[in-house]
Amino acid sequence: LKLESCFPCQFNDCPNLLSASSMSWLLATFSALVGAVPAPNFGVSVWQSHAPEPNELVVAVDLDLCSNKATFTNNRCPSDTRVACWSSNSTADWWCLGKAMAGPRAASGLPWDVACAAESYAGACAYGTGARERHSPLLPKLLSWEDAISMAEATLKLMSQEKKTSLLQGTGWEPTKWWFDLPKYFYVGNTPAMPEIGLPSLNMQDATDGFRTYWTELSGTVTVWPSILAMAATWDPIAVQDFAVAVGQEFRGKGANVILGPGVQVQRVARNGRSFEYFAGDDPYLGSELTRAYVKGVQSQGVLGIVKHWVFNSQETRRGEENSVVDNKTAHELYFPPFVAAIEAGVGGAMCSYNKVDGQYSCSNSYILNDVLKGELGFQGFVQSDWWAVHEPSFVQGLDQEMPGQATELFLSPSNTSQHPQRVDEAATRILAAMYKVNLHETSSCSPPNCSEWFVRNVTTSSHKALTKSLATDSIVLLKNEESLLPISKSVKKIAIIGSVADSESYDPAGATQGLGLQWWSGDYYSGGGSGHLTSNVTSALQGLSARAALEGIEVIASASDNLTAAEEAARQADLAIVVVGATSGESVDRPNLTLDRQGDDLVAAVAAISGTKTIVLMQICGAVLMPWRGSVGSILSLFLGGEATGQSWAAVLFGDVSPSGRLPLMMPETEADSIPPSSEDNVVYSEGLATSYRNTSWKAAYPFGHGLSYSQFRYSTPKVVECPYKHFTSSPVLCIKSTVENIGSRPSRTVPQLYLEFPPEAEQPVAILKGFQKTAILQPQDSADVVFPLTERDLSFWKGGWKRVNRATAHLALSSANFLDSVLIELPEQTTTTVSSPPLSLSHSWKAALLPLFGAYVLAL
């Protein structure tokens, strides 16, 4: 809603504060312009654009002066920021905006609670408890696949064979003496534009935590967002969608219309050099829910998503040679689900991986590409190779687009195109349909080499900087907090900040292309290395914590090195010792072990010997790490490469501005033996089947999957089966599990209740597995909220030559994979058929309405 468009002048041009009468005029004018209808009055001013549905959340637009708020205080809003307020709850949730920021903020669409965290906003501040239920913002509706394919088929009739084949291979990369080089201001992937028939070029750019800053001069022109693994640690699909929308906006601002992501591989190897790039962490259900939100968010901005890497790309060691051998049950239950979620969300492309599958390279494997991905899973977009991943004939085998365009003889030889014209048409149609589905023909902006103006644009915004801080903060996981050491109390007068990672710099590979050794794959403690690396001005832990400490009048003793003597001396002088350690990694190389970089274990042990349980350890890490010192320190927190706002995020949590709400998306093993190492063998056999991470009962966790603490405590009611609320009907649940959570502590906080299903022995599941989670809104002390877990036909099924639904299961309400609370037993009618297709069975509303009462009779509470 661009409220400023109704004003006689823009917010930042208006010389005086608005009077109450002016606000009333504005509201009336705005209501008339949008065709609003009368709605019940919440006490201030209310509008809505249509007649409300039953039980619909009615939104209030509050244009009252900030000073009229009952909770207004001068010390929270500077005097020059009291211009306008609006909110979804006019009596509780509200904020003040400065004249310079009111207009942009009105149009930004940020969630209400982000404004409070935005130090760059001129005094923006928020009050209140937040909505009882959090809702994803409405996104533009994209074209259906059916309509997109119809448009593609019509365009195909206008294309010559040459035009068709130009869609199927990349351009731009130039051979050099040693390898290939990317010309300045070309995207990492490019196809030519065809303006005569209205087709834009495909401008593809890498993305793990934002638009890849391939050249040094791009540094600072984009936001360095938290890593994908950090976003997984939020356990929050709404936050992931907000993230994806913002990343999509920056891609569009840079002239790119294809994002080479998301990465959704479920982690098998804890030392995987690319763990930080993947949404799934250790679990297919977590990965599926977050992947679905990301794809919808980024493609809503007119940027085509490419889900990767299909498939079984579980390690970087010998990634271009190793042959992954995976049984059908493990594939369908553990590794396929996030890809299925991306397909269900309408993803336009899928990238095949470097490795072999059952003896054939993934990009040349007809069974994996045609029978499974395009056939069984129903993928309607196009398959694209990873860069230089084509080593065998692949065109007839199902590959639709070869990147970056350097394998013509293996992919698009004249014999291929002349002998298989229908295959050319199929591949071109798939690419065209994906372009039309995401509306690229109307939203694309430039074609290389004429994109330099777009490349150098600064597409960061105050809104995005506020959001990246909020997201990084939400991803921080509090692993341990002995005797409530955190948040830092008012009695603390001196803190020591120790470790070279505390003030480490952002690494700039300076245009090093793929394959050029150390420069190519090196990461830092804000962004991982390789094709997803970003460089920018970052706020280090030392900078962020020092700035926040100054506001509290706390002295900072800094020892930003790994010198043990200096660290011990700093710890002796301080009331609290904060040790900042890290582990980073990069594409093409797996980590040699799970220990911290820069002798971080020795540093923590040395400080803990002085400060004991007054030691706080902050870990800026790329994945799982070992913590042999965890018993000797007071607090441990992890941040999975948090991007440019790392220091601000640490400060927000440590000083109690925000209660930590992140949860581990992976298991922190107790020892190296409690994980799978990368293999150097030709054949990598997934002999463990489903028994990875928390699903392996022989492994010990230092901290289990799903674990995370807050600054408050919560009480959960016994779960029970209920009729699913209307809002869940789009996912066609069979039944829903409900519990009520209450904040019984003293601080506003969020929590993440989880649901694990224990199947009968016939399912051959090693343990109860995650099948539901919900991140609550901020709950005030003594406040409560209902959490509902919808369970679909697929959630209640296992793979045995096809999908088979169980007849009974035990649903465990849990705080992590190792901390179960109450349970409920579900018994279902006998199922006589087996569902073979991978997309979930769709149940109509009327079917479900008749079914739920029947199921209710079979449910027993334990």
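Here's a quick rundown of the structure. (Residues numbered from 1 in each chain as written. Predicted model: local features only at pLDDT ≥ 70, side-chain atom pairs only at ≥ 80, totals over all residues. Heavy atoms only, no water.)

Attention now moves to the sheet that holds strand 9 (residues 323-325). Strand order in the open sheet formed by four strands is 12-11-9-21, and the pairing between neighbours is mixed. Because the sheet does not close on itself, it has two edges, and the strands there are strand 12 (360-361) and strand 21 (683-685). Pairing of strand 9 with strand 11 (residues 356-357), which is carried by two bridges, proceeds in the parallel orientation. Within strand 11, the residue paired with Asn 323 across the bridge is Lys 356. (Pairing = 2+ DSSP bridges. Helix = DSSP H or I, 4+ residues; strand = E, 2+ residues; numbered from the N terminus.)

Let us now look at helix 3 (residues 145-156). With 12 residues, helix 3 ought to run about 16 Å at 1.5 Å a step, and its terminal C-alpha atoms sit 16 Å apart, in line with that. Residues of helix 3 that are buried: Trp 145, Ala 148, Ala 152, Thr 155 and Leu 156. Buried residues of helix 3 fall within an arc of 100 degrees about the axis and therefore sit on the same side. The inward-facing, buried residues of helix 3 abut helix 4 (161-166) and helix 13 (421-437). (Expected span 1.5 Å × (residues − 1). Buried < 20%, exposed > 50% of the residue type's maximum accessible area, 1.4 Å probe, protein only. Arc of directions from axis to C-beta. Contact = heavy atoms within 4.5 Å.)

Once that is clear, we can look at the state of the cysteines. By definition, a disulfide links the sulfur atoms of two cysteines through a covalent bond. Under the criterion given, the structure shown has three disulfides. What pairs with Cys 446 in a disulfide is Cys 451, and their sulfur atoms sit 2.1 Å apart. As the torsion about the S-S bond is roughly 115 degrees, the Cys 446-Cys 451 disulfide counts as right-handed. Residue Cys 446 is classed as buried on the basis of its relative accessible area of 9%. The class of Cys 451 is buried, set by a relative accessible area of 0%. A disulfide bridge connects Cys 724 with Cys 736, and the sulfur atoms are separated by 2.1 Å. Measuring handedness by torsion sign, the sulfur bridge of Cys 724 and Cys 736 sits at about 115 degrees and is right-handed. Residue Cys 724 is located in the loop between strand 24 (720-722) and strand 25 (733-743), and its partner Cys 736 is located in strand 25; the two are separated by 12 residues in the primary sequence. The same class applies to Cys 724 and to Cys 736, which are both buried. (Disulfide = S-S within 2.5 Å.)

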